[in-house]
Amino acid sequence: MTHARSVDALVIGAGAAGLFCAAQAGQRGLSVLLVDHAPKVAEKIRISGGGRCNFTNREATPANFLSENPHFCRSALARYTPADFIALVQQHGIAFHEKHKGQLFCDDSAEQIIRMLLAECERGGVERWQPCSVQDLERLEDGTWRAQTARGAVQARSVVVATGGLPVPKIGASDFGLKLAERFGHRIVAPRQALVPLTFSAAEWAPFVAMAGQAMPVVISTRPGATGKSKKAPPPVAFHEDLLFTHRGLSGPAVLQISSFWQPGQPITINLLPQVDVAETLRAAKQRSKRQWGNELASLLTQRMADTWLQMLGLDASLPMPQVPDAQISRVADSLHTWQLTPAGTEGWNKAEVMAGGVDTRDLSSQTLESRLQPGLYFIGEVVDVTGWLGGYNFQWAWASGMACAEAL
Ligand code: FDA
């Protein structure tokens, strides 16, 4: 056997969770080796939040996460809170702002968060090998771990798997963590795309292609599938967010949020004008306005949307308001308030922001993120079946799970 580099902890994956966990473990006095197969560190942080990294959410609670076991994330989230991470960001002099619903973004660039995490790693004396793939991992008789990497063998008391989820394979995502978990006997909750734009069949979407680029605040809802032991259908979930029409379907925060709950084959329902009673407004307009139907409706939507909508319903946009039958008004109002449509699919792993599903939490400790089957093996971050809503929650899970693990190593 070749001589192996020996460390207390080998952390695989230098993304959000891996960098943070490695830094914390190093600062607690452990010798830590961090390896990542990608040439660049933390690519997902770099592209996150439109380049400004929505690094946490001030109001994060366990209710903002999906998992077969919704309680699993509680312990880690309670012990390392958004306020703790904000304090670290402030210590590093990074200016930030709140954009929307507790979402915190860097004023300048996501690079600042990466530099902060690297500085924290340096403070903890963390050694980083990158690019460096891990080819094999085995447990030795004395209970320690031996990894075969592209830069040689590594022996470690603990191994932390922080290899993230499947989205955006071109910047380093892989199924390494899921495969490794399976190989060592862990159950996997089937991975699926989350926070992802939804698509429709070309035929179904044809009437709406003209609306590509239009955005509006909506209420969007769907009925999620049963989770965990419960066989009962859960109540519908709804989000009040912005919707964006695209050439192939729907995107924007509203759709990204609902996509995490959407079950293939199930419809989604959209209230396109949640702030307005459309029927009442149009009936009042009928009494006082001589404008054409399409122009009147455009005062609630945009002209392009109003025209598309009436055309889709087979109604004459040039009809003067006083001649519009009440039944048409009701039909338009109902269709705008409860637009029900069934997506054909999603934009896929290249466009998904996160993976739902992952290493089954039944096989992990919620206190330490250590495997219940393989002592000394830990899973943190997105590879675990804990998925945050859109809005900084996924990074908060990366930090919190990374900290819970680091404290236990
Ligand atoms: P992460 O993906 O960060 O890191 C995994 C690391 O493991 C990578 O560096 C990868 O190269 C490495 N790796 C993979 N396979 C390996 C192997 N076989 N060997 C060695 N290394 C391997 N969240 C949020 O809260 N706010 C936001 O603003 C955004 N924005 C956003 C935008 C976009 C476009 C995406 C795709 C995602 C987001 N997210 C987000 C989600 C967030 O980026 C994500 O949940 C976290 O980065 C997850 O952190 P992890 O450390 O678990 O994985």
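Everything quoted here is computed from the prediction, not taken from an experiment. (Residues numbered from 1 in each chain as written. Predicted model: local features only at pLDDT ≥ 70, side-chain atom pairs only at ≥ 80, totals over all residues. Heavy atoms only, no water.)

Concerning the nonpolar core
Counting 84 residues, the largest nonpolar core has I45, I113, F379, W397 and W399 as the members making the most contacts within it. The residues contacting W397, other than those within four sequence positions of it, are F65, F72, C73, A76, L77, L369, G381, E382, V384, V386 and G402. Of all hydrophobic cores here, the second largest spans 45 residues; its members include W205, L282, W309 and L319. (Core = buried A, V, L, I, M, F, W, Y, C linked by side-chain atoms within 4.5 Å. Buried < 20%, exposed > 50% of the residue type's maximum accessible area, 1.4 Å probe, protein only. Contact = heavy atoms within 4.5 Å.)

Some details on the state of the cysteines
Under the definition given, this model contains 0 disulfides. Note on C121: no disulfide assigned, nearest cysteine sulfur contributed by C21 at a separation of 9.5 Å. (Disulfide = S-S within 2.5 Å.)

Some words on the pattern of salt bridges
Scanning the model with the defined rule gives 16 salt bridges in all. A salt bridge links D8 to R157; the nearest nitrogen and oxygen atoms lie 3.9 Å apart. Residue D8 is found in strand β1 (residues 5-12), and its partner R157 is found in strand β10 (residues 152-161); the two are separated by 149 residues along the sequence. A salt bridge links R362 to D360; the nearest nitrogen and oxygen atoms lie 2.8 Å apart. When its relative accessible area of 4% is taken as the criterion, D360 is described as buried. (Salt bridge = Lys/Arg side-chain N within 4 Å of Asp/Glu carboxyl O. Helix = DSSP H or I, 4+ residues; strand = E, 2+ residues; numbered from the N terminus.)

As for the site of the ligand
Close to the ligand lie 30 residues, the nearest being A17, D36, S174, E382 and F395. Within the contact set of the ligand, an oxygen atom lies 2.8 Å away from a backbone nitrogen or oxygen of A17. N54 places a polar main-chain atom, nitrogen or oxygen, 2.9 Å from a nitrogen atom of the ligand. Here the ligand has 990 Å² of accessible area as a free molecule, and 92% of this is covered by the chains. (Near = heavy atom within 4 Å. Polar contact = N/O pair within 3.5 Å; in protein donor to acceptor, adjacent residues only side chain to side chain. Areas by Shrake-Rupley, 256 points an atom, 1.4 Å probe, with all protein chains shown as cover.)

Section: the pairing of strand β14 (residues 237-245)
Note: strand β13 (residues 215-222) against β14, 8 bridges, orientation antiparallel. Bridging across to β14, M216 finds its partner in L243. Here β14 runs beside strand β15 (residues 249-251); their pairing, made up of 2 bridges, is antiparallel. If you follow L244 over to β15, its bridge partner there is S251. Two successive antiparallel strands, β14 and β15, enclose a turn made up of 3 residues. (Pairing = 2+ DSSP bridges.)

Considering the environment of R372
Within the secondary structure, R372 sits in the loop between β19 (354-359) and β20 (377-379). Between the C-alpha atom of R372 and that of H186, which follows or precedes it by 186 residues, the distance is 8.9 Å. Excluding its chain neighbours within four sequence positions, the residues that come into contact with R372 are R362, D363, L364 and S365. Within the local environment of R372, its side chain forms a polar contact with the backbone oxygen of R362, the two atoms lying 3.4 Å apart.

What about unusual backbone geometry?
Cis geometry is found at the peptide bond from Q130 to P131, where omega equals -5°. Inspection of the secondary structure assignment puts P131 in the loop between β7 (127-129) and β8 (134-139). At A42, a position not held by glycine, the phi torsion is positive, near 50°. By the element assignment, A42 lies in the loop between β2 (32-35) and α2 (43-47). A42 gets classed as buried once you look at its relative accessible area, which sits at 5%. Of note in this structure, L195 is not a glycine but carries a positive phi near 45°. Mapped onto the elements of the fold, L195 is located in the loop between β11 (188-194) and β12 (198-199).

Taken by themselves, the reported measurements are silent on function.
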